[in-house]
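These are the residues of each chain, in order.
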Amino acid sequence: MRRAGDSPALFFLPGPTARGQTPTFAHGRQILTIPRGSRTMRRHRSLLFYSFPIRLLVLHLRNHLMLVALWVFLVLLMTGGVGHFFGVYYLLLTPEYHGEVNFWSFFLTGAACGAFFLIWHLTTYLLCSTRFPFLATLEAPFTKFALNNSVIPVAFLLTYLLTSIRFQAHDELADAWEIVRNIVGFLAGMGAMVVALAVYLHLTNKDLASFLRPGQFVPKPGSRLLAPGGRLPTLREIRSGSTRWRVDTYLTERLRLRPVRSVEHYNKDILGKVFRQNHLNAVVVQITAVLLLMFLGLFMEKPWARIPTGATIFLFASMFMALFGAIVFWYRRWAVLVFVAMMMVVNFATGLGFFHYRNRAYGLDYSEKNRAEYSHKTLNALSHPDTVAQDVAHTRRILENWLAKNRAAGVQRPKMVFVCVSGGGIRSSLWTMLALQRADEATGGRLLRQTMLMSGASGGILGAAYLRELYLRRQEGEPIALHDPGYVTDMGLDLLNPVSFAIISNDLFFPFGTFQSGGHRYRKDRGYLFEHQLNENCRGMLGRRLADYRLPETEARVPMLLVSPFLLNDARRLLISPQGVSYLMRPPDSPRRAIRPEADGVDFGRLFAGQQADSLAFTTALRMNCSYPLILPPTWLPAHPSVEAMDAGFRDNYGIATAVRFAHTFRDWIEENTDGVVVVQVRCWEKNRPIKEGDNKGIVESLFSPFSAAASLTTMQDYEQDNALALLNDVLGADRLQVLRFVYRPSKKENEASMSLHLSKREKMDILDAFNNPEVQQNLQTLKQTLAAGR
């Protein structure tokens, strides 16, 4: 039976037609003669609607909304409609390769985009080619299909090119020649990929003529194709048109419309074999693309293998499209159930045996029989008064060394400086490095000399750690120009490309590559590649172990640096330092223990002493402190029960909580030996943020309004930390606490740097220019006067 709503196809009857005669069409079993001079606008619209490109577009909108939604999602990504704050759009519009935006970075991205286009054609060809049996009568049926199936890809390509050109001119500050070169590179890469795959498909795909030879096996109508849920149409379905969509014309390679020929007189078995063989080639190409990605993943630490993030996004979209198409093609109406079942099986399998893998802290011992006990009993033992007294006494010796160093410089009662830095991706790393370097230069080196503790979250701690390492190496005799602007440039280098490449080529499958650290072997994943790239960006200077900083900190040659990632299991902070810091595990209490506060922190060094905590790679400590959700994996720690560490910003995005507790613990020593405390806060977030409107909310928005509180997490931290600073001010006494904030403020709101692991040229320039902000300069002068006034 003909499917409801389907119309009989309109087919052109071939034969010579003299000039001035009227064309003849077969409509079902009736012969229609349409006078050339009497065509109406309605007939033009009908012919347009039943053209192959339009019919394919309608079919996709009706049956393949998930695939169309993927195109829409990519458009939103590249236009900033989605992920604007995280800077995803410029990863697509100005891709980097080897740290540069050039012809080759665009070439690789264009090639990946071309692969995405072809996967679209292959996937939709698998899903809907049997609805158009006339394709089997054409030469190179897949080529014809792809050409007519290009309405969405062409619209996407034009949108991409126009958006990229505008972005390059505005954000990358590229001149006309650079823009032309990059666009040519993109089109060349796309063309190379399309031509390569098109040649293969053209040589291997068969048309009807290829099967019109006697003696060859052909499948019976109604037999299966390549999938349990897919089969060829039966003779009855073909004759009735129930599997066929009406098409009157199609577009040829010369971009000319041609009428569709009837297939009624062809052998239906041979038509089925044409589609079967074409489907096989489509599947082969998709499997080859996945295997190629897995192969590149084996070389993910090689610079040549780290393709641009934009290319990675297109490849990821290709994989999703191919997977979705394969499931729908194989299982048809059971596709959703099969997809859910597959996810459950994958989740179960990856939790067991060989395929079970979680990111680890490099340097720690993960032996099965050597796990630290993580319990309330253990936490109480780690923060026992005797242990706390021991760590306090050791830290007092560090304070004495700090005081002696400053007195040797001629300051008897120096101001004690706490540097607190905020999270915020690479923009925070760059801003922190810039602000601290210039402030230290402006104060004649007093800032770093008088800094006792550095704390913070996410990207900010990367900049602080790099500056501290340079400071240490200069004291060790290396020729380090501490205030060289080149070090600021280092902190603005890309970290996202290698991470995203590792996700798509390695982590989505299984990390097979291994490496050795601290005498133990670990698998290479995006966490490993992040650390590798970070150390590379910092000129190989962050390759130390945690214990390597114990002596320099003890001798007060460098400030103490404490990172405090967030534990997913119980929301405590993991306090990572080469020193014993058990005194930071609990809020301060009276000698009588009247409050008995719960431990909200864990001394990493003491908890994992039996798992070689001293061997922890310093880059791993930094990574755990800035494990951006989804971008970097949580770090599994060798405890029982197992615990996972994430970004410190969940608990203390500004580093204030650590500094306040430290100052409160040693308040007596500070009062006796210093001229007060200066908190230098370097942050990428405004304290006074716009108040969001709550009017005109619909019922759906109102239902989800309570969940918006999670987006105000850092704002709530600001309120709580202002309260903590106020209490500390009361404890230290009048005029003994001063807070100076160096806040990144963009020149224009639309120019604000994104919270990403990648920055565009304009964003880097905006961050550098922000240091000239009048408020920043005023705080710099105040800092100079404050540190110079130390007695």
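Residues numbered from 1 in each chain as written. Predicted model: local features only at pLDDT ≥ 70, side-chain atom pairs only at ≥ 80, totals over all residues. Heavy atoms only, no water.

Digging into the overall build of the protein
Looking only at helices and strands, the protein has 30 helices and 19 strands in total. Looking at the 791 residues of the protein, the share that counts as buried comes to 53%. Roughly 35,600 Å² of accessible area belongs to the protein as shown, and the carbon and sulfur atoms make up 60% of that amount. (Helix = DSSP H or I, 4+ residues; strand = E, 2+ residues; numbered from the N terminus. Buried < 20%, exposed > 50% of the residue type's maximum accessible area, 1.4 Å probe, protein only. Areas by Shrake-Rupley, 256 points an atom, 1.4 Å probe, with all protein chains shown as cover.)

Side note on the nonpolar core
Across soluble globular proteins, nonpolar side chains show a tendency to be buried alongside one another. Counting 197 residues, the largest nonpolar core has Trp431, Leu637 and Phe662 as its most contacted members. Excluding its chain neighbours within four sequence positions, the residues that come into contact with Trp431 are Val682, Arg683, Cys684, Phe742, Val743, Tyr744, Ile767, Ala770, Phe771 and Val776. (Core = buried A, V, L, I, M, F, W, Y, C linked by side-chain atoms within 4.5 Å. Contact = heavy atoms within 4.5 Å.)

Some words on a negative patch on the surface
On the surface, Glu400, Asp668, Glu671 and Glu672 cluster together into a negatively charged patch. At three residues, helix α26 (residues 667-673) tops the list of elements feeding residues into the negative patch. Of note, Glu400 is situated in helix α14 (residues 385-408). When its relative accessible area of 39% is taken as the criterion, Glu400 is described as partly exposed. (Patch = residues over 30% accessible without salt bridge, like charges linked within 9 Å, V, L, I, M, F, W, Y side chains within 5 Å. Salt bridge = Lys/Arg side-chain N within 4 Å of Asp/Glu carboxyl O. Lys, Arg positive; Asp, Glu negative; His and termini not counted. Charge placed at Lys NZ, Arg CZ, Asp CG, Glu CD.)

Examining the pattern of salt bridges
By the definition in use, this model includes 24 salt bridges. A salt bridge links Asp600 to Arg661, with the shortest nitrogen-to-oxygen separation between them at 2.8 Å. In this pair, Asp600 sits in the loop between β13 (573-575) and β14 (601-603) while Arg661 sits in helix α25 (residues 656-665), placing the two residues 61 residues apart along the sequence. Given a relative accessible area of 17%, Asp600 falls into the buried group. You can call Arg661 buried: its relative accessible area is 12%. Two residues, Asp722 and Arg741, come together in a salt bridge whose shortest N-O distance is 3.4 Å. Residue Asp722 is found in helix α28 (residues 713-732), and its partner Arg741 is found in strand β19 (residues 737-743); the two are separated by 19 residues along the sequence. The exposure class of Arg741 is partly exposed, given its relative accessible area of 22%.

Remarks on a nonpolar patch on the surface
A surface patch of nonpolar side chains, about 710 Å² in accessible area, is lined by Leu323, Val336, Phe339, Val340, Met342, Met343, Met344 and Val346. Among the elements that line the nonpolar patch, the one with the most residues is helix α12 (residues 335-349), at seven residues. Within the secondary structure, Met344 sits in helix α12.

Brief notes about the sheet that holds strand β11 (residues 560-563)
One open sheet accounts for five strands, arranged β11-β8-β7-β18-β19; its pairing is parallel. The two strands at the open ends of the sheet, each matched to only one other strand, are β11 and β19. Neighbour-to-neighbour, the strand axes of the sheet open up by a mean angle of 15 degrees, direction not taken into account. Where strand β8 (residues 451-456) lies against β11, four bridges are found, and the strand directions are parallel. In the sheet register, Leu453 faces β11, and the bridge partner there is Met560. The strands that helix α15 (residues 425-442) touches are β7 (416-421), β18 (677-683) and β19; relative to β18, the one it contacts most, it runs at about 140 degrees. (Pairing = 2+ DSSP bridges. Axes fitted to C-alpha atoms, helices over the stretch in contact; angles between N-to-C directions.)

Side note on the environment of His376
Among the secondary structure elements, His376 is positioned in helix α13 (residues 376-382). Along the backbone, His376 and Ala599 are 223 residues apart, and their C-alpha atoms lie at a distance of 8.8 Å. The residues contacting His376, other than those within four sequence positions of it, are Arg572 and Glu598.

A word on the environment of Gly185
Turning to its location among the elements, Gly185 is positioned in helix α8 (residues 176-204). Along the backbone, Gly185 and Trp104 are 81 residues apart, and their C-alpha atoms lie at a distance of 6.5 Å.

Side note on the packing of helix α2 (residues 52-63) against helix α5 (residues 103-128)
Contact geometry of α2 with α5 gives a least axis separation of 12 Å together with a crossing angle of 80 degrees. Here α5 runs roughly perpendicular to α2, going by the angle between their axes. Across from Leu56, Leu59 and His60 in α2, the residues of α5 making contact are Trp120, Thr124 and Cys128. When the residues that make up the contact of α2 with α5 are grouped by side-chain class, the tally is four nonpolar, two polar and no charged. (Parallel < 35°, antiparallel > 145°, perpendicular 65-115°, else oblique. Nonpolar A, V, L, I, M, F, W, Y, C, P; charged D, E, K, R; others polar.)

Quick notes on unusual backbone geometry
Cis peptide bonds are those with omega within 30 degrees of zero, and the linkage from His640 to Pro641 qualifies with -5 degrees. Note that Pro641 resides in the loop between β16 (639-640) and β17 (643-646). One non-glycine residue, Arg539, adopts positive backbone phi at about 60 degrees. In this structure, Arg539 sits in the loop between α20 (526-537) and α21 (550-554). Phi is positive for Asp735, which is not a glycine, with a value near 60 degrees. Tracing the sequence through the fold places Asp735 in the loop between α28 and β19. For Asp735, a relative accessible area of 71% gives the class exposed.

Section: the pairing of β18
For β18, the tally of buried residues reaches seven of seven residues, placing the bulk of the element in the interior. Relative to β18, β7 runs parallel, the two being bridged by six bridges. Bridge pairing in β18 links Val421 to Val682. Strand direction decides the pairing type here: β18 and β19, joined by seven bridges, are parallel. Bridge assignment links Val677 to a residue of β19, and that residue is Leu737.

Focus: the pairing of β17
Here two bridges tie strand β12 (residues 566-567) to β17, and the two strands are oriented antiparallel to one another. Bridge pairing links Leu567 to Ala645 in β17. Relative to β17, strand β15 (residues 635-637) is paired through three bridges, and the arrangement is antiparallel. Along β17, the bridge assignment pairs Thr635 with Ala645.

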